[in-house]
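Results of the structural survey
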Amino acid sequence: MPTIKPVPTLRRRRLGGHLRDLRNQARFSLETAAAAMGWDSTKLSRIENAKAQIKPAELGPLLASYGVRDDELVAALEGLARDAGKRGWWQTYGNVMAQVYKDHISLEDDAESTRIYASNLIPGLLQTGTYAREIIAATALTRSPEEVVALAEVRKTRQAILTRPQGPLELWAVIHESALYYRSAAHPPLMREQLRHLLEMADLPNITIQIMPLAATAHPGMLGLFEVVRFPQPWPTVVFLENLRGGYFVEADDDVKVFETAFDRVLAAALPVDDSRETIKKAMEGSTP
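Reference entry: report on the structure contained in this document. Throughout, residues of each chain are indexed from 1 in the direction in which the sequence is written. Restriction of local features to residues with pLDDT of at least 70 applies here, the model being predicted, together with a cutoff of 80 or more for giving and counting side-chain atom pairs; totals for whole chains, interfaces and linings are based on all residues. Values reported for side chains reflect all heavy atoms of the structure, with hydrogen atoms and water molecules removed beforehand.

Time to look at the overall build of the chain. From N to C terminus, the chain includes 11 helices and 6 strands. Principal-axis analysis of the C-alpha atoms places the extent of the chain at approximately 70 × 45 × 35 Å. Counting all 289 residues of the chain, 48% fall into the buried class. Across the chain, every contact between residues at least 6 apart in sequence was considered, and the portion connecting residues at least 24 apart equals 75%. For every accessible area listed, the method is Shrake-Rupley and the probe measures 1.4 Å; residues are considered covered only by the protein chains on display. For the chain, the computed accessible surface area is about 14500 Å², with 53% contributed by carbon and sulfur atoms. For the purpose of charge, His is not counted, nor are the chain termini; Lys and Arg are scored as positive and Asp and Glu as negative. The atoms used to mark charge sites are NZ of Lys, CZ of Arg, CG of Asp and CD of Glu. Computed over 34 positive and 36 negative side-chain charges, the inter-centroid distance for the chain is 5 Å. Put simply, DSSP marks the helices as runs of H or I at least four residues long and the strands as runs of E at least two long, and each gets a number from the N terminus on. Classification of residues uses two cut-offs on accessible area relative to the type maximum, computed with a 1.4 Å probe and protein chains only: under 20% is buried, over 50% is exposed, and between them is partly exposed. Contacts were defined at the residue level, with two residues in contact if any of their heavy atoms lie within 4.5 Å.

Now the structure itself:
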């Protein structure tokens, strides 16, 4: 396994950024805020830049100095501080995974729901192992066969959030009908197995799958894949976009609202759930046995 670089966890970076925003809202300089805690300004700077951790017990006094009285927000930040130093299972894959993909998995791990529009393929959270390996091999152009296997393993392990005992992730996926008709020359049964898996996953109470029909009216999803990741309060919604070079996040409130509106319009153009299930069944019946 490749060497793991000591990159600050996404949780620590989110916590530091949130504390910086609260300090700026209170109109405190770094020096003033640090002095109120009896700290050197370097310590607070390192916390805000995710280079050092803050103890949960230190958060209450710091937030009180900023005038924060929201008990729910304080509790949420204390929880994030407790978890900030934890390294998720995905960190063990070292440099096989790009940092943005580790951040993506970390966000999904903390999320309460995610909404995905997939225009050309089955979303990663719903892929079988065989399908994942074939898609990764075709799209991860610089990867060795060993890395493809490792990335497919990551993708399958990532799916555990859909069936975890405590608070499984709620998934709402809209998949374009064309993705149901992919045919594998190397593994003829691949798509039949994948479509059966889709139907099985759709039976779970926390998963909704709809199909965008070939004859759909124009909709925002025509521009490509996007994922809207939602968290418990007070954490803001984040959008993840993916392409051949990797992915990136959209976090500005106005930009996120655009994608939330886009997903609502995608839903309006998609088939109802029952009709979507029948469409998947028909595609499976027509696939190579």
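On we go.
Time to look at the nonpolar core. Among the nonpolar cores identified, the biggest contains 57 residues, and Ile54, Leu63, Tyr66, Ile122, Leu126 and Leu198 are the most heavily contacted of them. With residues near it in sequence (within four places) discarded, Ile54 still touches Leu15, Leu19, Trp39, Ile47, Leu59, Leu62 and Ala81. We call a set of buried residues a nonpolar core when its members are Ala, Val, Leu, Ile, Met, Phe, Trp, Tyr or Cys and they connect through side-chain atoms within 4.5 Å of each other. With 15 residues, the next largest nonpolar core counts Tyr117, Val256, Val266 and Leu267 among its residues.

The next subject is the side chain of His219. Within the secondary structure layout, His219 lies in the loop between strand 3 (207–212) and strand 4 (226–230). Separated by 3.0 Å, the side chain of His219 and the backbone nitrogen of Gly221 make a polar contact. N or O atoms closer than or at 3.5 Å make up a polar contact, with two conditions inside protein: a donor-capable atom paired with an acceptor-capable one, and, for residues adjacent in sequence, both atoms drawn from side chains.

Okay, the side chain of Ser276 next. On the secondary structure map, Ser276 appears in helix 11 (residues 273–286). At 2.8 Å, the side chain of Ser276 forms a polar contact with the backbone nitrogen of Ile211. Filtering out sequence-adjacent residues up to four positions away, Ser276 remains in contact with Ile209, Gln210, Ile211 and Leu271.

Further remarks concern helix 6 (residues 99–110). In this model, helix 6 (12 residues) spans 17 Å end to end at C-alpha, consistent with the 16 Å of a helix rising 1.5 Å per residue. Restricting attention to buried positions, one finds in helix 6 the residues Tyr101, Lys102, Asp103, His104, Ile105, Ser106, Leu107 and Glu108. Packed against the buried residues of helix 6 are helix 1 (10–25), helix 8 (145–158), strand 4, strand 5 (238–243) and strand 6 (246–250). Given a helix with a known number of residues, its expected span is that number minus one, times 1.5 Å.

Attention now goes to helix 9 (residues 190–202). Helix length check: helix 9, at 13 residues, gives a terminal C-alpha distance of 19 Å against a target of 18 Å (1.5 Å per residue), a fit within 8%. All of the buried residues along helix 9 are Leu190, Met191, Gln194, Leu195, His197, Leu198, Leu199 and Met201. Here the buried face of helix 9 lies against helix 7 (129–139), strand 2 (170–176), strand 3 and helix 11.

Think of two packed helices as two axes; the pair is described by the angle between the axes and how far apart they sit. As a packed pair, helix 1 and helix 3 (residues 41–48) sit with axes 7 Å apart at the nearest point and diverge in direction by 125°. Classified by the interaxial angle, the pair formed by helix 1 and helix 3 is oblique. Of the residues in helix 3, those in contact with Gly16, Gly17, Leu19, Arg20 and Arg23 of helix 1 are Leu44, Ile47 and Glu48. Split by residue class, the contact of helix 1 with helix 3 holds 3 nonpolar, 2 polar and 3 charged. To get an axis, fit a line to the C-alpha atoms, keeping to the stretch in contact for a helix; angles then go from 0 to 180 degrees between the N-to-C directions. Should an angle fall under 35 degrees it is taken as roughly parallel, and over 145 as roughly antiparallel, whereas 65 to 115 is taken as roughly perpendicular and any remaining angle as oblique. The classification used treats Ala, Val, Leu, Ile, Met, Phe, Trp, Tyr, Cys and Pro as nonpolar, Asp, Glu, Lys and Arg as charged, and all other residues, Gly among them, as polar.

Time to look at the pattern of salt bridges. A carboxyl oxygen of Asp or Glu within 4 Å of a side-chain nitrogen of Lys or Arg is what we treat as a salt bridge. Per the counting criterion, the structure on display carries 12 salt bridges. With its nearest N and O atoms 3.4 Å apart, the salt bridge here joins Asp264 to Arg115. Highlighted residues: Asp264 in helix 10 (residues 253–269) and Arg115 in strand 1 (residues 113–118), separated in sequence by 149 residues. Among the residues examined, Arg115 registers a relative accessible area of 16% and is labelled buried. With its nearest N and O atoms 3.7 Å apart, the salt bridge here joins Glu278 to Lys281. Taken together, the positions of Glu278 and Lys281, both in helix 11 and 3 residues apart, correspond to about one turn of that helix. Through salt bridges with shared partners, a single network forms among Arg20, Arg23 and Glu48.

Mapped onto the secondary structure, Glu134 falls in helix 7. Judged by its relative accessible area of 17%, Glu134 falls in the buried class. With 104 residues separating them in the primary sequence, Glu134 and Leu30 have C-alpha atoms 50 Å apart. Ignoring anything within four residues of it in the chain, the contact list for Glu134 reads Tyr182, Ser184, Ala186, His187 and Leu190. Within the structure, the side chain of Glu134 is placed 2.8 Å from the side chain of Ser184, a separation counted as a polar contact.

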